[in-house]
Each structure stands twice: as structure tokens, then as C-alpha cells.
Amino acid sequence: MRLPFLQQIARRSLCLWAAPSLCFLLGFSPSCLVAQDAPAQPAPEAQPAQVEDVLEYADMLFSREQYGIAAQQYQIFIREQPNSPNQQIAWFRLGECYLKVNQEADAEKTFNFLINQYRRGPFVGSAAYRLAIMRLDKKDYRNALAYFKIAKDELTNPEVKLQAKYYCARCLQLTQQNKQALAQFEAVIKAAPKEENPFHERAMLESARLHFELGDTELALERFKELADTASTREFKEEAIVRGGLLAAEAGDTEASEELLNRALKFSDTSPWKALAQVGAIFNAFAREDYERVVALYNLGAYTRPDESRAKMLLIVAHSYRLMNRLEPALRIYTLIEAKYPRQNEGVEAGYRRLQLLHQTSDKALPNAADNYARTQTAIDAANPYIDMAWLMKAEYHFAQAENSASGAGSDYAKKHYALAAAAYTKVRLEMVDAKYREICLYKRGWSQIESDDFKNGIVSLTSFIQKHRKSSLASSAIAKRASAYQHNEDHQLALEDFQDIAKNYPEAPELEFALQQIALIYAHQRKTTEMIVAYQDLLQRFPNTDGAGEAHYWIGVGFFDLEQHQQAIPELNQARNIDPQYEDKATLRLIICHYHLEEIDALAENARRYLENTPKETGQGAKARRASIPPQVLEYLGKKLASSRDYENAEYFLSAQTKGRNPGDISSSVWKLLAECRSELRKHEGVITACDNFLVQTERPSERASAYLQRGFAQFCLKQYDDARNSAQESLRSQKEGRTNAEARILLGDIAAADGNLADAARDYLVVSQIFYDPEVTPKALAKAVNAYQALGNLDKAEQLQQELSLKFPNYELPASLDPDC
């Protein structure tokens, strides 16, 4: 008769047990129920008459919340009725009493005894559930899991059994046993119809998460979509919509993602999921390159959720501004991200992108910004390749500043920036940057070093480049630059080998023309004349329209000139000056010498006049540029040749050219003599006097001095400088006592006397000549002059006498139209 009553009590105990379980389901711990604080007491001795009703009495005390007394009664029952089928009930109720009075240690011991003693049964399941909840409250998920496993297997109440299954799955999930957790959640979902399963939506949500974590994106997305459409709990529904939208975006299902996230954007502003949906929509818009949409979504409102997605979202917004070429807001957001998340990947990238914008706009703040970024990132992660890209951007900035220098590549400004560029390029670890940058970085490093006069390291850098990138489009340029550095160091043979390398192996290189030119110049420097000629001829053959054609023809001409092959030199020198005016003087001077050696008088005169009449340009200080003079012997030779052909005008021009700007004493007497003769023929009397004076200073021979005095006297006479002329004639007589010169000097004295109105002296001087000197030209002229003088004096007899003498001695003499001196 006791068994039905005990079963009734057991059923009632299950009802009492379910209440704390439901509390946990609602989010509270069973320990939240109010309990009396009563210590455990030893069980009193049971009276025989009371044993049958002890359990019923204990249950009544329990229901009246007299947990301490109830515990004593349960202990009496357990001790007095060891074989009772209600032992499990008593043990479980005893543990419950301990819980109610916060004696958790005693409760745990009691529940554990029940589990270990009986192994199976609903009260074993209930005890395990109680212990699992206690462990769960303390976040001891692994031990909670062990008890939940017992509970789900031993409990018989479907609702409570379902709870145990759900929390078993959660503990598996919380202990990273994802596959077992997923299987358990699937069991929860299938355990009861959706309408009767309070854990259906929760299990669906967790299983969707687990499917995603385990790589089954398709099934995870399917679960999120289902929950998004069917969930009745707002929190679950919103989470499913947002997570589904984000997962769809990740899976490439843009349409589904857009549909779900657009639904999420309509959530209340108080929804914790709206901001994340906003981020997802921003990610979607960025993925489809709708940058305007990204910015519009961002501007809907501030995003304040403190998780990693904020940094990612801000980075995407900054990227969008940059890709829309709205650089100012992009720079502002990049700066914000770098400052707020300096150690996150997003902060690191934002700082790098900020440098890119500064580089893109050639902002003068770039060098310092790059220094700061590199220093900061090196302290965080020295292996970060962005550090090297920062140095590269700084180097590129300075390189561009040097290249675009208004004052030219060799200016102090350019050299300063090339030096800064070289220092930055040197800091770039080539293995840390993308392969596409390594080649240009090494090339520009060497170039910058050479341009900043660091020739040694520049040669090393370019040598490394040439060895690694022999087939690069920049290889020929690097070789040419290295060759130029060798030339600066006067390593001409190494430079020659580099230029020959270009000529042989890079026939299409832009530097080929320069290389051929330098090969020729190096041969010229090495005085290898034949090789130089061949090199320049090769240049002209390959590049007939080269800007260096004038130079090439000039040096070919010089080469032939040096080899004394003057005939071959002439056309080359002619072409040089015709093509390039800068070679006018140098080529013409060598042409003069060529024609001199070839005795080509007309060509010699033409080129000599061209050279002399080509006035040198003035320098910046107003002085004329200095240039070489035509060799004096060439001008003297030319003057003599022209004078001998009676071309006195040109002869006098070239002979006079010798005297300009020179000390008269440095000019040979022969030049002064010839110059006096030419000027005399040209009736340039002042010039005759100058030439004779300079000649007389240099010569001591009486005959030469007599002739010079005579020439000078005649010139002075023509200039009506009669006293000076008389002195010159007398000096001539003193220098030459006899001969033709003496006779002509006496005639000159007569001419002077006549011009001065002293006809008697004039007649006497003329008569003396006719009596003491015989010359078929001079003597009859003297007689004729004497006749005229005596006639003018009125001494007609004497005049007639002399006329008869003239006719007798010189019957063929033809009297000139005028006997006056031809001035």
C-alpha cells in the first residue's frame, strides 16, 4: 500500500525539481530560489512507529520550505529503509535540501553519491542535471558536459531531457568539440516538432554557426536564411538575418546578401545587429566596386560597435574615398585608423595607404611620414614588408625632386635629393618588396648614388643590377651609367668595355648612339687615332642624323689631320663646321693648316679670311672669348704668295692680321718689309710708315735700311710731311752711298724741294742723279724731271741741253703723262 503513495511523492518531487530547471532555461540559476540558512545536523534516532511516514513527512517539510528539518527526515528514511524503492527519491531530495540552504559541497556529495550508487534512473538524471547546472554556472564547461551527458540519457521527462540535450550541445560547443556539438544540436532540432520545441530556433542558430565554422558554408547559409524567415524570437531573427547576409556575401551570393542586409538596415536603431548589417552592406558595396554606395552607407550614422569589424569597415570606407579620387577624406580616415588601431593589421595598412596618398600627391610631408611609419612598424614587426615600401616611396619622392629640379641634374639641389634618395633606396630590403619593384629600386639606387657623387657605391649597385637583370629594358642604361662613373674615376678602359658591351649586345638600346660616341671619345683620349676614326665612322653609319654628327666629322677630320692625311681631313672638317657651328673656329683653323700643307693658296686664303672675320663672341663679363691664332708662318706664307701674284690687297690683309694685338718686336722683319711693300703698292701711306718704322727697328743691313727709309720718305712725301720725308731720304742716302736706291733717294729729295717751292735745289738733285747713275728707268726720269725744273726756273738753255742729252742717250724713252710722284 506504500508504493503508490511513494510514487505520488516522487511525481510531486519531479514537479518541484522542474521549477529550478525552468529557471535556468529562462536564464537564472536554480540557486536563485530563496532558501533558509540551516546547517547540516546529524540524523536523530528514528522511532519504530514513525518509520513508515518519515518520507511523507520529509516531503511535507520540504514543501513548507523547512529544508533543514526535511533533510533530517530524509536521512532517517535513507538509514532506516535501505531497501526501499524510494531510496533514489530520498537521496535526491536530500541534495535539494542542501542546495536550498546553500550547502553546495554537501549537495554535490549527495548528488554524486546518488549517481555513482544507482547509475541509472530518472533521479540519477535529475542529480546529474543539478550538478551540470552548478558546473555551468561556474563556467566549468568540461565537467558540466559530463553531467549533462548522464542527464540527457537518464531523464525521462521529455521537456527536461530536451533541455539537457541542448546544454550538452552548448558545452560541447564551448569546449571546441564542434563536430560532436553539431550532431547534438541536430538531435535537439529533431527531438520535437518545431512548435513544441523551445530550443528549436536556438539550436538552429547554433548549428548554422557550427556549419560555417566546420566549412559547410552552403548549409550554414541555408539555416540562417530559414531562421531569417521563420524565427519568432526577435533577437534570433535579427541575428540570423545579419549573419546570413554576411555569410552570403562571403559565399559570393551577392543577391541573397543584399536582400538580407537591406532587411537588416531597417532594424530599429537600438538593435545590436543593425550596425553590423551596415558594415556588411558596406563590404558588399565595396566588393561590387560601388564606392558611392559605400560612402553613403557609412554616412548613415556613426558606427560605434567596439569589435574588429569597425577597423575593417573604416579601412574599406577610406579605400572607397581613395578609389573615387576623393583624397582628402581618404587621408583623414586612414590617419584615424592608424592612430586608433596602430597594432592591428588595419592600422598598419591604413598607415601604408596614407603614405601612398602622400606619394601620389607628391606631398612634402611624405619623407618625415615615411620615417615615422618605418620606425613605428619596425618596433612592432621588423619583418613587415610595408616598412620597405615606406622607404621606397620616400626614395621615389626624393628621386622625382632631383629629376625635376629646375636648376638641372648637377645642381646642389638635385645632388641633395639624389643623396637622400640613395639613402632611402639603400634601406629597402629587396627580398621584402614585390618582385616588380626590385629591379627599378636597385637601378635607381645606383643612379642616385652616382648622381650624388658616390661613385664607388653607385658602381657596386649598378654592377649588382647588371648581374641580376641582364635582360632588363634598363640594362643598357645601367651599363651606360656605370661606364660614365668609370670615366669620372678615370677608369677609361673599364668604361670602354661597358660601352662596347652596349654596342655589341644591345643594338636596339636607346643608349647605343651615346655608347658609340663615347667609344670614339675614349679612343681619342687614349690617342688611338685610327680606332677613333673607325668608331666615329661607325657612329655616322648607324646614326647618320645623330645630333653628334658635327662632333663625329670634326674628330674624324682631326684624326686624319693628326695622321697628316690632310686631303682626307678637309671634307670632314668642312662638314663639321657646316653641321655644328660650335666647330666653326676649330675646324677652320685645321682647314687652314691643311691647305697650307697642300699649298692650296685660294682655299687657304678663303679659310684664313673666314677665320679672321669670324669675331669671337663676348663672354658674360663683356670680354671676348679667347681662341687660337692662325700660325704666323701660315699668314706670312700666304702674304708672300699673294704678293708675288701681285694680289697686294689680300696680301696686305693677311700680313696685317699678324700684327693685330701683338708686340711689333715679336713680328719678323720680313713681315714688316713685305707689309710695307704691299701698302706702298696700295698707297696706304700711314701703314707704310708704320711698317717701315718697325722694320728699321729690327734690321741693321744698310741696303735694307736704305730701301726702308726710301719707302718711308715716299709715304711721308705723299702725306705732305716734307720735313719728315726729307729726313728719311737723307737717311737712305747715308745708308746707301750708291746704286739705284741712292739715286731714287736723290730724286725724292728733288721732288720734296720742288713741292716745297725750291726749284733750284730740285733741279740740282735731279741733275746729280742723271750725271752719276745710269739706269734705263731711273736716269731718263731724272733727266726729264731736271728739264722741267730748269724750264720752270727760266733757264731754257740748260733745259734744252738736258733734253738733247735725254733724246741722245735714251731715244726710246717714253715720257709719262706726268712726272709728279704717283701718290
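Residues numbered from 1 in each chain as written. Predicted model: local features only at pLDDT ≥ 70, side-chain atom pairs only at ≥ 80, totals over all residues. Heavy atoms only, no water.

Focus: the overall build of the protein chain
Inference 1: Helices and strands together make up the secondary structure of the protein chain, namely 41 helices and zero strands.
Inference 2: A compact globule built from 823 residues should have a C-alpha radius of gyration of about 28 Å, whereas the protein chain, at 62 Å, is more than 25% larger.
Inference 3: Oriented by its inertia axes, the alpha-carbon framework of the protein chain measures out at about 215 × 50 × 45 Å.
Inference 4: When each of the 823 residues of the protein chain is scored for burial, the buried share is 50%.
Inference 5: Across the protein chain, the fraction of contacts at a sequence separation of at least 24, relative to all contacts at a separation of at least 6, is 52%.
Inference 6: Of the roughly 41,200 Å² of accessible surface on the protein chain, 48% is carried by carbon and sulfur atoms.
Inference 7: A gap of 6 Å separates the mean positions of the 98 positive and 111 negative side-chain charges of the protein chain. (Helix = DSSP H or I, 4+ residues; strand = E, 2+ residues; numbered from the N terminus. Rg over C-alpha atoms; globule rule 2.2 N^0.38 Å. Buried < 20%, exposed > 50% of the residue type's maximum accessible area, 1.4 Å probe, protein only. Contact = heavy atoms within 4.5 Å. Areas by Shrake-Rupley, 256 points an atom, 1.4 Å probe, with all protein chains shown as cover. Lys, Arg positive; Asp, Glu negative; His and termini not counted. Charge placed at Lys NZ, Arg CZ, Asp CG, Glu CD.)

Considerations on a negative patch on the surface
Inference 1: On the surface, Asp216, Glu218, Glu222 and Glu226 cluster together into a patch of negative charge.
Inference 2: Position of Glu226 among the secondary structure elements: in helix 11 (residues 217-230).
Inference 3: Overall, Glu226 belongs to the partly exposed group, its relative accessible area being 33%. (Patch = residues over 30% accessible without salt bridge, like charges linked within 9 Å, V, L, I, M, F, W, Y side chains within 5 Å. Salt bridge = Lys/Arg side-chain N within 4 Å of Asp/Glu carboxyl O.)

A few points about the nonpolar core
Nonpolar side chains in soluble globular proteins tend to end up buried together.
Inference 1: Counting residues in hydrophobic clusters, the biggest one holds 80 residues, and the most contacted among them are Leu355, Phe499 and Ile519.
Inference 2: With 10 residues, the single largest contributor to this core is helix 20 (residues 385-403).
Inference 3: When sequence neighbours within four positions are dropped, the list of residues in contact with Ile519 reads Leu496, Phe499, Gln500, Ala503 and Ala535.
Inference 4: Formed by 71 residues, the second largest nonpolar core is a distinct cluster that contains Val54, Tyr67, Leu221 and Ala231. (Core = buried A, V, L, I, M, F, W, Y, C linked by side-chain atoms within 4.5 Å.)

Observations regarding the packing of aromatic side chains
Inference 1: One pass over the structure, following the stated rule, counts 23 aromatic pairs.
Inference 2: One aromatic cluster is present, built from ring pairs that chain together Tyr129, Phe148, Tyr166, Tyr167, Phe185 and Phe199.
Inference 3: The positively charged end of Lys586 is found above the aromatic ring belonging to Tyr554, 5.2 Å away from the centroid.
Inference 4: In this structure, Arg609 is placed above the aromatic ring of Tyr653, and the distance from its NZ or CZ to the ring centre is 3.9 Å. (Phe/Tyr/Trp six-rings, centres within 6.5 Å; stacked < 30°, edge-to-face > 60°. Lys NZ or Arg CZ within 6 Å of the ring centre and 35° of its normal.)

Some thoughts on helix 18 (residues 345-360)
Counting along an α-helix, one turn takes 3.6 residues, and residues three or four places apart therefore face a common direction.
Inference 1: Helix length check: helix 18, at 16 residues, gives a terminal C-alpha distance of 22 Å against a target of 22 Å (1.5 Å per residue), a fit within 8%.
Inference 2: Of the residues flanking the end of helix 18, it is Ser362, one or two places downstream, whose phi is positive at about 50 degrees. (Expected span 1.5 Å × (residues − 1).)

Considering helix 35 (residues 685-698)
Inference 1: Between its first and last C-alpha atoms helix 35 spans 20 Å; for 14 residues at 1.5 Å apiece the expected length is 20 Å, and the two agree.
Inference 2: Those residues of helix 35 that sit buried are His685, Gly687, Val688, Ile689, Ala691, Cys692, Asn694, Phe695 and Leu696.
Inference 3: Turning to helix 35, the residues buried within the fold contact helix 34 (669-681) and helix 36 (702-718).

A word on unusual backbone geometry
Inference 1: Positioned with a positive phi, Gln176 is a non-glycine residue whose angle comes to about 60 degrees.
Inference 2: Non-glycine residue Glu289 carries a positive phi angle of around 65 degrees.
Inference 3: Assignment of secondary structure puts Glu289 in the loop between helix 14 (274-287) and helix 15 (291-298).
Inference 4: With relative accessibility at 57%, the residue Glu289 sits in the exposed group.

Details of the side chain of Glu349
Inference 1: Assignment of secondary structure puts Glu349 in helix 18.
Inference 2: Assessed through its relative accessible area of 18%, Glu349 is described here as buried.
Inference 3: If sequence neighbours within four positions are ignored, Glu349 has contacts with Leu315, His319 and Tyr386.

Let's talk about the side chain of Asn607
Inference 1: Within the secondary structure, Asn607 sits in helix 31 (residues 601-613).
Inference 2: Filtering out sequence-adjacent residues up to four positions away, Asn607 remains in contact with Arg577, Thr588, Leu591, Ile592 and His595.

Topic: the confidence of the model for the protein chain
Inference 1: Of the residues in the protein chain, 91% have a pLDDT of 70 or more, and the chain-wide mean is 88.
Inference 2: Predicted confidence for residues 1-49 stays below pLDDT 50, and this span has 82 contacts to residues more than four positions away or in other chains. (pLDDT = per-residue confidence, 0-100.)

Side note on the state of the cysteines
Inference 1: In the structure shown here, the tally under the stated rule is one disulfide.
Inference 2: Here Cys718 engages in a disulfide with Cys823; their sulfurs sit 2.1 Å apart. Residues Cys718 and Cys823 share a disulfide whose torsion about the S-S bond is about -80 degrees; that sign makes it left-handed. Of this pair, Cys718 sits in helix 36 while Cys823 sits in the segment after helix 41 (796-809); the two residues are 105 residues apart in sequence, bridging distant segments of the chain.
Inference 3: A residue is classified by how much of its surface remains accessible, and Cys718, at 15% relative accessible area, is buried.
Inference 4: The class of Cys823 is partly exposed, set by a relative accessible area of 37%.
Inference 5: Cys171 takes part in no disulfide bond, and the closest cysteine sulfur, belonging to Cys168, lies 7.0 Å away. (Disulfide = S-S within 2.5 Å.)

Digging into the pattern of salt bridges
Inference 1: By the definition in use, this model includes 46 salt bridges.
Inference 2: Measuring nitrogen to oxygen at the nearest pair gives 3.5 Å for the salt bridge that ties Arg120 to Glu154. One end of the pair, Arg120, is in the loop between helix 5 (104-118) and helix 6 (122-137); the other, Glu154, is in helix 7 (residues 141-154), and 34 residues separate them in sequence.
Inference 3: For Arg120, a relative accessible area of 57% translates into the label exposed.
Inference 4: One continuous salt-bridge network, built from bridges that share partners, spans Arg170, Glu206, Arg209, Glu239 and Arg243.

Digging into the layout of surface pockets
Inference 1: Space inside the largest pocket adds up to approximately 1,000 Å³.
Inference 2: Along the walls of the largest pocket sit 36 residues, with Ser680, Arg683, Phe714, Glu744 and Lys781 positioned nearest its centre.
Inference 3: Contributions of two or more residues to the lining of the largest pocket are made by helix 34, helix 35, helix 36, helix 38 (740-755) and helix 40 (778-793).
Inference 4: Looking at side-chain class alone, the lining of the largest pocket contains 19 nonpolar, four polar and 13 charged residues. (1 Å grid on protein atoms, 1.4 Å probe; cavity = no way out; pocket = protein on both sides within 12 Å on 5 of 7 lines; lining within 4 Å. Points joined across faces, edges and corners; volume = space filled by probe spheres on them. Nonpolar A, V, L, I, M, F, W, Y, C, P; charged D, E, K, R; others polar.)

With respect to the environment of Cys823
Inference 1: Cys823 sits 108 residues away from Ala715 along the chain, and the two C-alpha atoms are 7.9 Å apart.
Inference 2: Residues contacting Cys823, with those up to four places away along its chain left out, are Arg683, His685, Phe717 and Cys718.

Examining the packing of helix 10 (residues 200-213) against helix 12 (residues 234-251)
Inference 1: With their axes 11 Å apart at the nearest point, helix 10 and helix 12 run at an angle of 20 degrees to one another. Accordingly, the angle class assigned to the pair helix 10 and helix 12 is roughly parallel. Read as a crossing pair, helix 10 and helix 12 show a hand that is left-handed. Counted together, Glu201, Arg202, Leu205, Arg209 and Phe212 of helix 10 and Phe236, Glu239, Ala240, Arg243, Leu247 and Glu250 of helix 12 form the full contact between these two elements. (Axes fitted to C-alpha atoms, helices over the stretch in contact; angles between N-to-C directions. Parallel < 35°, antiparallel > 145°, perpendicular 65-115°, else oblique. Left-handed = near helix turned anticlockwise from the far one by under 90°.)

So, the environment of Ala535
Inference 1: Secondary-structure assignment places Ala535 in helix 27 (residues 529-542).
Inference 2: For the pair Ala535 and Lys100, spaced 435 residues apart in sequence, the C-alpha to C-alpha distance is 110 Å.
Inference 3: Excluding residues that lie within four positions of it along the chain, Ala535 makes contacts with Ile519, Ala520 and Tyr523.

Section: the packing of helix 38 against helix 39 (residues 759-772)
Relative placement of two packed helices is described by the angle separating their axes and the distance separating the axes.
Inference 1: As a packed pair, helix 38 and helix 39 sit with axes 7 Å apart at the nearest point and diverge in direction by 165 degrees. Here helix 38 is positioned roughly antiparallel relative to helix 39, judged by the angle of their axes. With respect to the hand of their crossing, helix 38 and helix 39 are arranged in left-handed fashion. Facing helix 38, whose interface residues are Ala743, Arg746, Ile747, Leu749, Gly750, Asp751, Ala753 and Ala754, helix 39 presents Leu759, Asp761, Ala762, Asp765, Tyr766, Val768, Val769 and Ile772.

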